Amino acid sequence: MSVIPLSQPDISHLEIQSVIDALRSGRLTSGPRQARFEEMIAERTGRSHAVAVSSGTAGLHLVLRGLDVGPGDEVITTPFSFIASANSVLYVGATPIFVDIDPRSLNLDPARVEAAITPKTKAILAVEVFGNAQYMDRLAQIARNYEIPLIEDACEGLGGSHHGAPVGSFGRASVFGFYHNKQITTGEGGMIVTDDDRLADLFRTLRNHGRIDQKTPDSIGAGGFSSARLQHECLGYSYRLSEMACALGIAQMERLDTMLEARRRLAGRYMQRLMGFGDLILPNAESPDDMSWFVFVVRLSDQFTQVERDRVIDGMRRHDICVANYFPCIHLQPFYREQFGFDRGALPIAESVSQRSIALPFFNQMDETQVELVVHTLKVMLQREQLLRPEE
Ligand SMILES: *Cc1c(COP(=O)(O)O)cnc(C)c1O
């Protein structure tokens, strides 16, 4: 039996042709493909501006810089996410204030967020965890009430929506990521979207060494040097996205709805096959049509310990089924513990969820046989844990 991967990019001949065309065009960065890719994401999310960057994390960094978040400021965020969302707060020297999650959606709990706001709160940084956008509108409302910006880390939610509004429309600025396991990929890459003209200009400047953006691709000559003066307005970064990456992104965006549909069908199949398992808590989408399935994460019920979960993960891997512990809590990562003195028990809901979660293989091309094998193996592993458990 061959290995069943955790995820796998969906690259058709269209993507390959698109990248080849970019290579043949003679223009490898900051060109027409970047402009087109940005336009497609702006259109999809209903925003006035999209700014392509080299990764989702680079995008979050620029948003925090653009909103002038820095030392002494607090940013309210979630402990249950990929580590990049909180790391971006550390990049600008601000303090992440972790707030516990809602156990069903796995997103920040709006009531707890509101209770954590202080005069030092400079922003709320929220994540659509695993592609579920629940509470985004409430978090945006809280941010408006307190006149602080909501930063939307939409890296896991492209194509999703909540109460009719698309993922990417909730933040003062919102950020997508195109790492190779995301709903669409550019290999590496990211995109910031916003309706704020001033911020969009600033992001374009910051991604390109602090240079005033000329907007027209032709401002860069054949050698990659601007015909305009080399004017650096502020400390910027080298966070551009190549034309090859944007070419890949364009082709992926053209197939986005087809791919989201394949993911929805696959999630439905898992749901149907796992429904009867008393030992499992399945993903909970308030409205299933709103979900943009990034990964498929199940949770063992409360009688299981972290040690048992880890044994299930190891057992699945021994059977060549790739699974993962999405997510270890950010506040319990070694350098967060060291810097902020966090210990176990600080955020009980996030920790309890984190200890029992298992991300199952999930990718567009996954077939029925593979799903059956994953489901069967998971069942066997869970039964084994029950048998191993000492009589109470
Ligand atoms: C993928 C992801 C990012 C961005 O990751 P990059 O590797 O920098 O593109 C940021 N936040 C979350 C929650 C993510 O899942």
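Just so it is clear, the model here is predicted, and its values are computed rather than measured. (Residues numbered from 1 in each chain as written. Predicted model: local features only at pLDDT ≥ 70, side-chain atom pairs only at ≥ 80, totals over all residues. Heavy atoms only, no water.)

Moving on, we get to the overall build of the protein. A count of helices and strands for the protein gives 13 helices and twelve strands. For the protein, the C-alpha radius of gyration of 22 Å lies close to 21 Å, the compact-globule estimate for 392 residues. Projecting the C-alpha coordinates of the protein onto the three principal axes gives extents of approximately 75 × 55 × 40 Å. For the protein, the residues scored as buried account for 57% of the 392 residues in total. At a minimum sequence separation of 6, the contacts of the protein that also span at least 24 residues come to 72%. Of the accessible surface of the protein, which amounts to about 17,000 Å², a share of 51% is contributed by carbon and sulfur atoms. The averaged location of the 49 negative side-chain charges in the protein is 3 Å from the averaged location of its 39 positive side-chain charges. (Helix = DSSP H or I, 4+ residues; strand = E, 2+ residues; numbered from the N terminus. Rg over C-alpha atoms; globule rule 2.2 N^0.38 Å. Buried < 20%, exposed > 50% of the residue type's maximum accessible area, 1.4 Å probe, protein only. Contact = heavy atoms within 4.5 Å. Areas by Shrake-Rupley, 256 points an atom, 1.4 Å probe, with all protein chains shown as cover. Lys, Arg positive; Asp, Glu negative; His and termini not counted. Charge placed at Lys NZ, Arg CZ, Asp CG, Glu CD.)

On the secondary structure map, leucine 199 appears in helix α7 (residues 197–207). Residues leucine 199 and histidine 49 lie 150 residues apart in sequence; the distance between their C-alpha atoms is 9.4 Å. With residues near it in sequence (within four places) discarded, leucine 199 still touches Gly66, Leu67, Arg172 and Thr194.

What follows is about the sheet that holds strand β4 (residues 121–127). The strands making up a sheet associate through hydrogen bonds between their backbones, and the pairing can be parallel or antiparallel. Pairing in this open sheet of seven strands is mixed, and the strands run β1-β9-β8-β5-β4-β2-β3 from one edge to the other. Unpaired on one side and paired on the other, β1 (49–53) and β3 (95–98) mark the two borders of the sheet. Here the strands of the sheet are splayed against their neighbours by 25° on average, with no regard to which way each runs. The pairing of β4 with strand β5 (residues 150–153) spans four bridges and is parallel. Along β5, the bridge assignment pairs valine 127 with aspartate 153. (Pairing = 2+ DSSP bridges. Axes fitted to C-alpha atoms, helices over the stretch in contact; angles between N-to-C directions.)

Estimates place the volume of the second largest pocket at around 370 Å³. Lining the second largest pocket are 22 residues, and of these Thr57, Phe82, Ala84, Tyr179 and Lys182 lie nearest its centre. For the lining of the second largest pocket, the secondary structure elements donating two or more residues are α3 (56–66) and α4 (84–91). Looking at the lining of the second largest pocket element by element, the count peaks at three residues for α3. Looking at the lining of the second largest pocket residue by residue, the classes come out as ten nonpolar, eight polar and four charged. Two domains each provide a minimum of three residues to the lining of the second largest pocket, namely domain 1 (13–254) and domain 2 (256–388). (1 Å grid on protein atoms, 1.4 Å probe; cavity = no way out; pocket = protein on both sides within 12 Å on 5 of 7 lines; lining within 4 Å. Points joined across faces, edges and corners; volume = space filled by probe spheres on them. Nonpolar A, V, L, I, M, F, W, Y, C, P; charged D, E, K, R; others polar. Domains from an automatic or database assignment.)

For the ligand, the full set of nearby residues is Ser55, Gly56, Thr57, Ser81, Phe82, Ala84, Val127, Asp153, Cys155, Glu156, Lys182 and Gly189. Taking threonine 57, its side chain carries an N or O atom lying 2.4 Å from an oxygen atom of the ligand. Residue glutamate 156 places a side-chain N or O atom 2.6 Å away from an oxygen atom belonging to the ligand. Surface burial for the ligand is 92%, taken as the share of its 380 Å² of free accessible area covered by protein chains. Structurally, the ligand is housed in the second largest pocket. (Near = heavy atom within 4 Å. Polar contact = N/O pair within 3.5 Å; in protein donor to acceptor, adjacent residues only side chain to side chain. Sits in = over half its atoms within 2 Å of the grid points.)

Once that is clear, we can look at the pairing of β4. When you tally the buried positions in β4, you get six out of seven residues, the bulk of the element. Sheet analysis places strand β2 (residues 74–77) next to β4, joined by four bridges and oriented parallel. The partner of threonine 77 across the bridge, within β4, is leucine 125. Between the parallel pair β4 and β5, the chain is carried across by helix α6 (residues 136–145), and the sense of this crossover is right-handed. (Right-handed = clockwise from strand over helix to strand, strands pointing away.)

Tallied over the full model, the rule gives two cavities of 30 Å³ or more. Volume-wise, the largest cavity comes out at about 80 Å³. In terms of lining residues, the largest cavity is bounded by 14 residues, among which Gln8, Pro9, Asp10, Lys182 and Arg263 are the most central. Its residues placed into classes, the lining of the largest cavity shows three nonpolar, eight polar and three charged. In terms of domain composition, the lining of the largest cavity takes at least three residues from each of domain 1 (13–254) and domain 2 (256–388). Considering only enclosed or pocket space, the second largest cavity measures out at about 50 Å³ in volume.

Parsing the protein into structural domains produces domain 1 (13–254) and domain 2 (256–388). Put simply, the middle of domain 1 and the middle of domain 2, counted by C-alpha atoms, are 27 Å apart. With 42 residues of domain 1 at the interface, the matching set in domain 2 holds 35 residues. Summed over both sides, the interface between domain 1 and domain 2 buries roughly 3,200 Å², with carbon and sulfur atoms accounting for 62% of that surface. Area buried by domain 1 at its contact with domain 2 is led by Phe98, Phe130 and Gln183, which between them contribute 21% of it. Across the domain 1-domain 2 interface, the total number found is one salt bridge. The partner of aspartate 257 in a salt bridge is arginine 44, with the nearest N and O atoms 3.0 Å apart. (Buried area = accessible area lost by both parts, 1.4 Å probe. Salt bridge = Lys/Arg side-chain N within 4 Å of Asp/Glu carboxyl O.)

Take the sheet that holds strand β11 (residues 296–300) next. Judged by pairing direction, the sheet is antiparallel, and its three strands sit side by side in the order β10-β11-β12 without closing on themselves. The sheet is open, and its two edges are formed by β10 (280–281) and β12 (357–360), each paired on a single side. Bridge count between β10 and β11: two bridges; the pairing is antiparallel. Directly across from leucine 280, in β11, lies its bridge partner leucine 300. Taken strand by strand, helix α12 (residues 348–356) contacts β11 and β12, and its axis lies near 50° from that of β12.

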